[in-house]
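Listed here are the chains, written in short residue letters.
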Amino acid sequence: MFLESYERLNPKQKKIIDTDESFAIHAGPGSGKTEILALKAIRLLEQVVHPSQNVALITYTNEMAGEMTDRLRTLGNLSFGNLFVGTVHSFCLQQVIVPYANLFTGYPFLFKIIGEFESKDLWQQVAGKQLTQTKNHRLAVLNRNLPEWLDDPLSQICLKYEGILRQRGKLDFDGVALNAYWMLRDHSSLKDALQSKFPWLLIDEYQDLMYPFREMVHLFLQTDMRIVVVGDSNQAIYSQSEEDTIRTLLIRAREISPCRMFEESFDVSYRCPGNLLRIAGSVIGEQRLESKAKTSVAQIEFENHWSSSAKAVQIVKEIQAQLAGQDNFLIAHPENWQISDTRGALAAQTFDGNYYFDIWSMVGSDSPHRLLKYNPLIEWLQDVAYWCVCPITSATPSFLELFDTWQNLRNQYPLSFLDSLTIAYDRIKFFGHLMYLKNITVRNCGEWLDECRAQLDIDSVRKNFEDSEDYQQAIDFLFDQKTRESRKIRGSNIKDFASHRAGCRPHLSLLTVHASKGLTFDHVIVVGINNSSGRWTFPSRYGNEVQHRRLLYTILTRARKSVRFISRTNQLPPLLEQVRQTVQEDNINLDTGVG
């Protein structure tokens, strides 16, 4: 698969794969950056990096990390034991803080990660109306000996928040970023240790990295670590700054050496049709990308309906019926709370039996159970479900991959310590369990999961994991049926449970506009543009015009075939009204052969 994929690349893309130098790459939407990073990692591990060393492949969100994992699996290369694939937070936690914090004074090493809701409540208690400014201040001033920190009253609020976390024995995700940066900044031996372990660092969606992470990358520039970053400043939806972070990285690199890092641009989109790129480009005032998409023209439509969620589900059903379920869909929401309306509209409809949905659409985006989507035990059970009930494709997890994870979950020692006869016996036993689960007749996912629990000894997941509490939460959620969300998942089809796998089947995803970042869909439907009182919520109720334009550009460029905006009334936010007028003009040009 590597050679087949490599041969399809254009010359600029092959240059990145073949050249053993650091690169900063401006990569527009649909330009193939995910596949390039995956292919780069495979080549490094097979041809460049010593077996005792590692490659880190880092991205911003769990969704993007999952997309990268699926891409590696599709390429047939997910068996490397020396490849780290994960988010920037997980890299800092697993590769910096956990293994090294106890070697230095002043850093947390016995802690639990605080939950999102507990953290939010605590911030509300200590910061009140100054919450946003205080959180931003905490991340913006990394040197706490400077007047910008010492003289600002917001600093005392930050210290109060951090003090309460220490008393509770907890650390939040921003604290993970800050402590990892401080450790690397203050201890050159740690930088050297990480450079020895990870001679190559590959970073996706660099523009979305928070300030401490970007400064951490700047520290790595001072070592011999080779760094490849890809990103697009036009899609920096988590920042209100107009800074081109990739350009800043290049400047910092060239201050060290003119050859420390090279610049490249991917200016061809293989996802978006030409008219969609023109419309998206008009939003940000830049027409940089050339289209080589399979679809020549995308549909861009505006509709109004009293219930945008119900209308969106109706559109999905109509297109799905026309295409016999061959396309996938995103219903995008400006805010989390709006997703529950769409789930309700979805529950009122029936779909063709060969069309399946992501089970996590049944779990509210504001629910604490949403985080279980990334629990390793649940992800592995979904892999088992995929192996048992979905057609075999290049995305199908291998038997050995499933077996290795099963052993790792159940035992207190690495698989390599087991003797060969025990391994052979356990593989035969495990294969028998899988075949039983593959052929058993059950009414729903819940009955199948109960069989998994008995056959695969789920309750023996090893107890000495640092996050064993998370594993127990996963078991409780899937098997004890204490929540409505758990009962919904157990009542679903087994293929729904396996639906997170790329290539399993066309699917419908319910996400926020922000969460859709980095993903690709055939059809994108944006709902919740205005609420029942007529207030506009899209592109966003927060941020400035720069961020609003980036959000609109990002959601437009998720689509291969069509984008629809559904509002309660015909009146649109000014920015979206400009897009509607541009679409009308572009359609006239297409009809007359001008565009």
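Placed above this text is the structure.
Sequence order as written defines the numbering, with residues in each chain counted from 1. pLDDT decides what is reported in this predicted model: residues at 70 or higher carry local features, side-chain atom pairs at 80 or more are listed and counted, and totals for whole chains, interfaces and linings draw on all residues regardless. For side-chain calculations, the full set of non-hydrogen atoms in the structure is used, while hydrogens and water are omitted.

Regarding the overall build of the protein chain
Strands are runs of DSSP state E lasting at least two residues, helices are runs of H or I lasting at least four, and both sets are numbered from the N terminus onward. A count of helices and strands for the protein chain gives 25 helices and 16 strands. Whether a residue is buried, partly exposed or exposed follows from its accessible area with a 1.4 Å probe, protein chains only, as a fraction of its type maximum: under 20%, in between, or over 50%, in that order. Buried residues in the protein chain amount to 54% of all 595 residues. Contacts between residues were defined by any pair of non-hydrogen atoms, one from each residue, lying within 4.5 Å. In the protein chain, once contacts between residues fewer than 6 apart in sequence are set aside, the share between residues at least 24 apart is 75%. Of the roughly 26,300 Å² that the protein chain leaves accessible, carbon and sulfur atoms contribute 49%. The accessible surface values rely on the Shrake-Rupley method and a 1.4 Å probe; as for residues, cover is taken only from the protein chains in view.

Here's the deal with the pattern of salt bridges
What makes a salt bridge here is a side-chain nitrogen of Lys or Arg within 4 Å of a carboxyl oxygen of Asp or Glu, nothing more. Across all of its chains, the model carries 29 salt bridges by this definition. Between Arg144 and Glu162 there is a salt bridge, with its nearest N and O atoms 2.8 Å apart. Pair noted here: Arg144 is in the loop between α7 (131-140) and α8 (147-150) and Glu162 is in helix α9 (residues 153-168), with a separation of 18 residues, a long-range link. Given a relative accessible area of 10%, Glu162 falls into the buried group. The partner of Glu205 in a salt bridge is Lys517, and the shortest N-O contact between them spans 2.9 Å.

Here's the deal with the state of the cysteines
Two cysteine sulfurs form what is called a disulfide whenever their separation falls within 2.5 Å. For the coordinates displayed, the defined rule picks out 0 disulfides. Here Cys445 stays unpaired: no disulfide links it, and the sulfur of Cys452, its closest cysteine neighbor, is 8.4 Å away. Exposure remark for Cys445: the relative accessible area of 0% places this residue in the buried category. In this model Cys452 remains outside any disulfide bridge; the closest cysteine sulfur is found in Cys388, 6.7 Å from its own.

Here we look at unusual backbone geometry
In this structure, Glu205 is a non-glycine residue whose phi angle is positive, near 55°. On the basis of relative accessibility, which here comes to 2%, the residue Glu205 falls in the buried class. Backbone geometry at Asp457 places phi at a positive 55°, although glycine is not the residue there. Mapped onto the secondary structure, Asp457 falls in the loop between α20 (445-455) and α21 (468-479). You can call Asp457 partly exposed: its relative accessible area is 34%.

Overview of the packing of helix α19 (residues 420-439) against α20
With their axes 11 Å apart at the nearest point, α19 and α20 run at an angle of 165° to one another. Of the possible angle classes, the one that applies to α19 and α20 is roughly antiparallel. Crossing hand, α19 versus α20: right-handed. Mapping the contact onto sequence places His433, Tyr436 and Leu437 in α19 and Trp448, Glu451, Cys452 and Gln455 in α20. In terms of residue class, the contact of α19 with α20 is made up of 4 nonpolar, 2 polar and 1 charged. For helices, the axis comes from a line fit to the C-alpha atoms of the stretch in contact; other axes are also lines fit to C-alpha atoms, and the angle between any two N-to-C directions lies between 0 and 180 degrees. Here is the rule for angles: anything less than 35 degrees is roughly parallel, anything more than 145 is roughly antiparallel, 65 through 115 is roughly perpendicular, and the remaining ranges are oblique. Two helices that cross are described as forming a left-handed crossing if the nearer one is turned anticlockwise from the farther one by less than a right angle, and a right-handed crossing if clockwise. Here the nonpolar group is Ala, Val, Leu, Ile, Met, Phe, Trp, Tyr, Cys and Pro; Asp, Glu, Lys and Arg are the charged ones; every other residue, Gly included, is treated as polar.

Structural notes on the environment of Val389
Mapping Val389 onto the fold places it in helix α17 (residues 376-389). The class for Val389 is partly exposed, based on a relative accessible area of 24%. Sequence spacing of Val389 and Ile494 is 105 residues, and the spatial spacing of their C-alpha atoms is 7.3 Å. Ignoring any residue separated from it by four or fewer positions in sequence, one finds Val389 in contact with Ile494 and Lys495.

Observations regarding α7
Those residues of α7 that sit buried are Leu131, Thr134, His137, Arg138 and Leu139. Buried residues along α7 sit in contact with α6 (116-127), α8, α9, α10 (173-186) and α12 (211-220).

Focus on the nonpolar core
Residues enter a nonpolar core if they are buried and are Ala, Val, Leu, Ile, Met, Phe, Trp, Tyr or Cys, with the set joined through side-chain atoms within 4.5 Å. If you look at the biggest cluster of nonpolar residues, it comprises 49 residues, and the most contacted ones within it are Met183 and Ile227. Filtering out sequence-adjacent residues up to four positions away, Met183 remains in contact with Val96, Ile97, Tyr100, Ala101, Phe104, Tyr107 and Leu190. In this structure, Trp406, Leu409, Phe430 and Phe479 belong to the second largest nonpolar core, which totals 35 residues.

Describing the side chain of Ser567
Assignment of secondary structure puts Ser567 in strand β16 (residues 559-567). What makes Ser567 buried here is its relative accessible area of 2%. When neighbours within four sequence positions are excluded, Ser567 is seen to be in contact with Glu303, Asn304, His305, Ile529, Asn530 and Leu572.

Focus on the sheet that holds strand β2 (residues 55-59)
Here we have 6 strands laid out as an open sheet, ordered β3-β2-β6-β7-β1-β8, and parallel in their pairing. Among the strands making up the open sheet, the edge pair consists of β3 (83-87) and β8 (262-266). Each adjacent strand pair in this sheet contributes to an overall mean axis angle of 15°, direction not counted. Bridging between strand β6 (residues 200-203) and strand β7 (residues 226-231) involves 4 bridges; their strand directions are parallel. Residue pairing in the sheet places Leu202 in a bridge with Val228 of β7. Strands β2 and β3 of the sheet are contacted by helix α4 (residues 62-74), whose axis makes an angle of about 150° with β3. Two strands qualify as a pair provided that DSSP identifies no fewer than 2 bridges between them.

Focus: the packing of α6 against α7
Contact geometry of α6 with α7 gives a least axis separation of 9 Å together with a crossing angle of 105°. In terms of their interaxial angle, α6 and α7 are classed as roughly perpendicular. In this structure, α6 contributes Lys120, Trp123, Gln124 and Ala127 to the contact, and α7 contributes Leu131, Thr134, Lys135 and Arg138. When its residues are assigned to classes, the contact of α6 with α7 shows 3 nonpolar, 2 polar and 3 charged.

Some thoughts on the packing of aromatic side chains
Under the pairing criterion, centres of Phe, Tyr and Trp rings, with the six-membered ring standing for Trp, must be within 6.5 Å; the plane angle then separates stacked pairs below 30 degrees from edge-to-face pairs above 60, leaving the rest tilted. Here the structure, examined in full by the defined rule, presents 16 aromatic pairs. Measuring from centroid to centroid gives 5.4 Å for Phe91 and Phe198, while their planes differ by 65°, and the two rings are edge-to-face. Of this pair, Phe91 sits in helix α5 (residues 88-100) while Phe198 sits in the loop between α11 (188-197) and β6, and the two are 107 residues apart along the sequence. Each member of the pair Phe91 and Phe198 is classed as buried. Aromatic pair Phe538 and Phe565: ring centres 6.1 Å apart, planes at 45°, arrangement tilted. Of this pair, Phe538 sits in the loop between β15 (521-526) and α24 (545-556) while Phe565 is found in strand β16, placing the two residues 27 residues apart along the sequence. This pair shows no difference in class: Phe538 is buried, exactly as Phe565 is.

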